[in-house]
Amino acid sequence: MKVLQIAPKDIYVTLEISLTEMESLLIALENAIIEYDGKDIRVARAVKYLTKEFQPMLDKIVEDLKK
């Protein structure tokens, strides 16, 4: 993976990542166990983003690329 661009919007980072790297990330996410006490709202938001948005988006990209 390499950083292609950083732009000052909300600070967006453009990445280049291979299909193999995306598949590795998906395997890690599918097998990860996230433990936290639920008290920190930032952690709750991050976990929600990771599991409800990032992982499904990555899964769809990989699925589409394999077609």
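Quick note: structure is the one above.
What you are looking at is a predicted structure, and each value in this text was computed from that prediction instead of being measured.

Can you walk me through a nonpolar patch on the surface in this structure?
A contiguous nonpolar patch, built from Met1, Val3, Ile6, Ile11, Val13 and Leu15 and spanning about 620 Å² of accessible area, is present on the exposed surface. At the level of secondary structure, the elements contributing two or more residues to the nonpolar patch comprise strand S1 (2–7) and strand S2 (12–16). Turning to its location among the elements, Ile11 is positioned in the loop between S1 and S2.

Any chance you could explain the pattern of salt bridges here in plain terms?
Working definition: two side chains of opposite charge can pair if their charged atoms are close together. The full count for this structure, using the stated rule, is 4 salt bridges. The partner of Lys2 in a salt bridge is Glu16, and the shortest N-O contact between them spans 4.0 Å. Residue Lys2 is located in strand S1, and its partner Glu16 is located in strand S2; the two are separated by 14 residues in the primary sequence. Classification of Lys2 by relative accessible area gives partly exposed; the value is 46%. Take Glu16: its relative accessible area is 40%, and that puts it in the partly exposed class. Residue Arg42 is joined to Asp40 by a salt bridge in which the shortest nitrogen-to-oxygen separation is 3.7 Å.

What's the story with the pairing of S1 in this structure? I'm lost.
Remember that side chains alternate between the two faces of the sheet whenever the strand is regular. Across 5 bridges, S1 lies against S2 in antiparallel orientation. Paired with Gln5 across the strands is Thr14, a residue of S2. Between S1 and S2, which pair antiparallel one after the other, the connecting turn spans 4 residues, and Ile11 there sits at a positive phi close to 65°.

Thresholds applied
Residues numbered from 1 in each chain as written. Predicted model: local features only at pLDDT ≥ 70, side-chain atom pairs only at ≥ 80, totals over all residues. Heavy atoms only, no water. Patch = residues over 30% accessible without salt bridge, like charges linked within 9 Å, V, L, I, M, F, W, Y side chains within 5 Å. Areas by Shrake-Rupley, 256 points an atom, 1.4 Å probe, with all protein chains shown as cover. Salt bridge = Lys/Arg side-chain N within 4 Å of Asp/Glu carboxyl O. Helix = DSSP H or I, 4+ residues; strand = E, 2+ residues; numbered from the N terminus. Buried < 20%, exposed > 50% of the residue type's maximum accessible area, 1.4 Å probe, protein only. Pairing = 2+ DSSP bridges.

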